[in-house]
Amino acid sequence: MPLTLTTGECAALAQRIEAREVESVAAELLPRLKRAGTPRKGNAAGKRFERRIATELREIVAQLPGEWKVARNQTDRQKGQVADGAGEFTIEGPLAFPWAFELKDGSGFRIEHLFTEPIPGPLANRKSTEGFWTQAARQAACVGRFPILIVREAGDHHREFAVMRPEHRTMLVDRAGVRATIVVDGEQLDVCFWGDVRKADARRWLVPPPPPV
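Here the residue numbering is sequential within each chain, running from 1 through the sequence in written order. In view of the model being predicted, local features appear only for residues whose pLDDT reaches at least 70, and side-chain atom pairs are presented and counted only at 80 or more, with totals across whole chains, interfaces and linings using the full set of residues. Values reported for side chains reflect all heavy atoms of the structure, with hydrogen atoms and water molecules removed beforehand.

**Considering the overall build of the protein**
What counts is decided by this rule: Helix and strand assignments come from DSSP, with helices taken as H or I runs of at least 4 residues and strands as E runs of at least 2, each series counted from the N terminus. Exposure classes here rest on a 1.4 Å probe applied to the protein chains alone. A residue is buried below 20% of its type maximum, exposed above 50%, and partly exposed in between. Only heavy atoms enter the contact rule, under which two residues are in contact if any of them lie within 4.5 Å. Residue-level accessible areas treat just the shown protein chains as cover; the underlying method is Shrake-Rupley with a 1.4 Å probe.
Of regular secondary structure, the protein possesses six helices and seven strands. Walking the protein from its N terminus toward its C terminus, one meets helices and strands in the order α-α-α-β-β-β-α-β-β-α-β-β-α. Every one of the 213 residues in the protein was classed for burial, and the buried ones make up 42%. Of all intrachain contacts in the protein linking residues separated by at least 6 positions in sequence, the fraction that spans at least 24 positions is 58%. Here the protein has roughly 12500 Å² of accessible surface; of this, 53% comes from carbon and sulfur atoms.

**What about the packing of aromatic side chains?**
Here is the rule: Each aromatic pair joins two rings of Phe, Tyr and Trp (for Trp, the six-membered one) with centres within 6.5 Å, and gets the label stacked for planes under 30 degrees apart, edge-to-face for over 60, and tilted for any other angle.
In total, this model carries 10 aromatic pairs according to the counting rule given. Measuring from ring centre to ring centre gives 5.4 Å for Trp 99 and Trp 205, while their planes differ by 75 degrees; the resulting arrangement is edge-to-face. Residue Trp 99 is located in strand β3 (residues 99-105), and its partner Trp 205 is located in the segment after α6 (194-198); the two are separated by 106 residues in the primary sequence. Here the two residues Trp 99 and Trp 205 agree in accessibility, since each one is buried. On the numbers, 6.1 Å between centres and 75 degrees between planes, the contact of Phe 109 with Phe 161 is edge-to-face. Placement of the pair is Phe 109 in the loop between β3 and α4 (132-142) and Phe 161 in strand β5 (residues 160-164), with a sequence separation of 52 residues. Among the residues examined, Phe 109 registers a relative accessible area of 0% and is labelled buried. Relative accessible area serves as the criterion here: at 2%, Phe 161 is assigned to the buried category.

**Section: the pairing of strand β4 (residues 146-152)**
Heads up, the rule is: Following DSSP output, two strands are said to pair if at least two bridges run between them. Handedness is read with the strands pointing away from the viewer; a crossover is right-handed when the path from the first strand over the helix to the second is clockwise.
Within β4, seven of the seven residues are buried, which leaves it mostly tucked inside the rest of the structure. By the alternation rule, side chains of β4 split into Phe 146, Ile 148, Ile 150 and Arg 152 and Pro 147, Leu 149 and Val 151, which are all buried. Examined bridge by bridge, β3 and β4 share seven bridges and lie parallel to one another. Looking at the pairing, Asp 105 lines up with Arg 152 of β4. Once the chain exits β3 it traverses α4 before rejoining the sheet at β4, and the crossover so formed is right-handed. As paired elements, β4 and β5 share four bridges and run antiparallel to each other. Within β5, the residue paired with Leu 149 across the bridge is Val 163.

**Digging into the nonpolar core**
Cut-off, in case you're wondering: Residues grouped as a nonpolar core are buried Ala, Val, Leu, Ile, Met, Phe, Trp, Tyr and Cys residues, joined through side-chain atoms within 4.5 Å.
Residues Trp 99, Phe 101, Ile 148, Trp 194, Val 197 and Trp 205 are the most contacted members of the largest nonpolar core, which totals 30 residues. The set of elements that each furnish at least two residues to this core consists of α3 (41-61), β2 (89-92), β3, β4, β5 and α6. Contacts of Phe 101, omitting those with residues within four sequence positions, involve Leu 57, Ala 86, Gly 87, Glu 88, Phe 89, Ile 91, Ile 148, Ile 150, Trp 194 and Trp 205. Core analysis: the next-biggest nonpolar cluster, separate from the first, contains 19 residues, Ile 111, Ala 136, Leu 149 and Val 191 among them.

**Focus on the side chain of Gln 135**
For clarity, the threshold we go by: Here a polar contact is recorded for every N or O atom pair within 3.5 Å, except that within protein the pair must consist of a potential hydrogen donor and a potential acceptor, and residues adjacent in sequence are included only if both atoms are side-chain atoms.
Structurally, Gln 135 is set in helix α4. Within polar-contact distance, the side chain of Gln 135 engages the side chain of Glu 102 at 3.4 Å. Apart from residues no more than four positions distant in its own chain, Gln 135 is found in contact with Glu 102, Lys 104 and Glu 130.

**Focus on the pairing of strand β7 (residues 187-193)**
Relative to β7, β5 runs antiparallel, the two being bridged by four bridges. Residue pairing across strands places Ala 162 opposite Cys 192, the latter belonging to β7. Bridging between strand β6 (residues 180-184) and β7 involves five bridges; their strand directions are antiparallel. Counterpart to Ala 180 in the pairing with β7 is Val 191. Taking the residues between adjacent antiparallel strands as the criterion, β6 and β7 are bridged by two residues, where Asp 185 takes a positive phi near 50 degrees.

Following this line, the structure appears as structure tokens:
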């Protein structure tokens, strides 16, 4: 059975090996233990991203009548296992909130992907990996909600985009706010800056989309 250590255990073990100067072991294992014992910056950045989006969603629903709650879903509740939520958050209030959010921080996404044909992973499906959009759409479908994918660009710019189906995008952002129209795994999608989407009048988040033409 493989040995599994926590981050703290790895850090402590690395210190003990250094103190005892076990050269033969240290030369092979010490670099690996140090890497494992160092908190991953990507994970911390992802958590900050999730917390900030949750705060922004609370600011949106605070403008709606009644009391609302935005709670982050645990991993085992993000696939639509429960009726009241899917994706990153469960949003509860006096009215049904029709959106399911999927957040992706970096994870290999670059703005150039929006202008590449066909759209590459991680937005689109790959041979053995489900794409970001497929995941967002699948989870939303499980609970009968509209999928919205918020993806944060990797690198120094950290631009944030909201990816939606056109009929759902019209609820929040006018056509002038669409920055790109893309086709992901055969489905046409609109891409907007998340900053523009979250500025929409809060009531628009609850307006049903128009019937398809």
